[in-house]
Amino acid sequence: MKIFFLTLFFLIFFYEVNATNVGKVTGFPIPRFVSLKSDLSNLRIGSSKDFPIKLQYTTSHLPVEIIQEYEDWRKINDFDKNDGWIHKSLLSGSRYGIINQQYSEPVKILNKPQGKVVGEIGKKNIVKLKRCLIDWCYIEIDNNKGWILKINLWGVYKKETFNIPFYQSIINFLWKFI
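Residues numbered from 1 in each chain as written. Predicted model: local features only at pLDDT ≥ 70, side-chain atom pairs only at ≥ 80, totals over all residues. Heavy atoms only, no water.

Student: Hey, could you run me through the packing of aromatic side chains in this one?
Tutor: Where two aromatic rings form a pair, the distance of their centres and the angle of their planes describe that pair. Enumeration according to the criterion identifies 5 aromatic pairs in this entry. Here Phe79 and Trp154 contribute two aromatic rings whose centre-to-centre distance is 6.2 Å and whose plane-to-plane angle is 80°, an arrangement assigned as edge-to-face. A residue pair is termed long-range when its members are at least 10 positions apart, and Phe79 in the loop between strand E5 (73–77) and strand E6 (83–87) and Trp154 in strand E14 (residues 153–154) qualify at 75 residues. By relative accessible area, which is 17% here, Trp154 ends up buried. (Phe/Tyr/Trp six-rings, centres within 6.5 Å; stacked < 30°, edge-to-face > 60°. Helix = DSSP H or I, 4+ residues; strand = E, 2+ residues; numbered from the N terminus. Buried < 20%, exposed > 50% of the residue type's maximum accessible area, 1.4 Å probe, protein only.)

Student: What is the right way to look at the pairing of strand E1 (residues 32–36) in this model?
Tutor: Buried residues dominate E1, accounting for 5 of its 5 residues. Of the pairings in the sheet, the one linking E1 to strand E4 (residues 63–70) comprises 4 bridges and is antiparallel in character. Each residue of the ladder has a partner; that of Phe33, found in E4, is Glu65. (Pairing = 2+ DSSP bridges.)

Student: Honestly, the state of the cysteines in this entry has me stumped. Any pointers?
Tutor: Simply put, disulfide is the name for a covalent bond between the sulfur atoms of two cysteines. In this structure the tally under the stated criterion is 1 disulfide. The disulfide partner of Cys132 is Cys137, and the gap between their sulfur atoms is 2.0 Å. Because the torsion about its S-S bond is 110°, the bridge between Cys132 and Cys137 counts as right-handed. An identical accessibility class is assigned to Cys132 and Cys137; each is buried. (Disulfide = S-S within 2.5 Å.)

Student: Just to check I follow, could you spell out the nonpolar core for this structure?
Tutor: In a soluble, globular protein the nonpolar side chains are often hidden away together inside. Among the nonpolar cores identified, the biggest contains 15 residues, and Leu36, Tyr57, Val64, Ile66, Ile76 and Leu91 are the most heavily contacted of them. The element best represented in this core is E1, accounting for 3 residues. Counting 14 residues, the second largest nonpolar core, distinct from the first, contains Ile99, Ile109, Val127 and Phe162. (Core = buried A, V, L, I, M, F, W, Y, C linked by side-chain atoms within 4.5 Å.)

Student: Hey, could you run me through helix H2 (residues 168–175) in this one?
Tutor: Helical geometry note: an α-helix holds 3.6 residues per turn, so side chains three or four residues apart project in the same direction. Looking only at H2, the buried set comprises Gln168, Ile171 and Trp175. Down the axis of H2, the sector holding all buried residues measures 55°, keeping them to one side. Seen from the buried face of H2, the exposed residues on the opposite side, beyond 90 degrees, are Ser169 and Ile170. Each element contacted by the buried residues of H2 is listed here: strand E11 (126–132) and strand E13 (144–149). (Arc of directions from axis to C-beta. Contact = heavy atoms within 4.5 Å.)

And the structure:
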């Protein structure tokens, strides 16, 4: 009987701890990164078409961070620190990032984490995020693929990981010998 109550306590406790970081509309984590679906999207001052347009995005796949939800509207932040409301139909769960290095030279694209340089990419380019490890992301741009350090990206959180295959630990081990 004690085990039952302990289990129930922990379930309720962990539910309450995690509930504060979940959107009330979607149940998805808040904040989270998504991208613009359309190459013409309006950012509004409020959560309705009745509110004035604050600015207009003209680039699809631009990563944005959802910080709040209200009915069919999502409050977002963008790379340039603009914030406002955008309709959910203009957003996609596809992950993209913006190159955001802190120095003037292009970011090196590697064939594997800590591997050989296979290319370079400049600031503010939008890249498709294929998967992210703790410190590295595998990116794609114009059919070119490679690994870059996560600190050079806006559109992914510092310790966020995603799309990691179950056999990644084997790959990590093999990378040491290749």
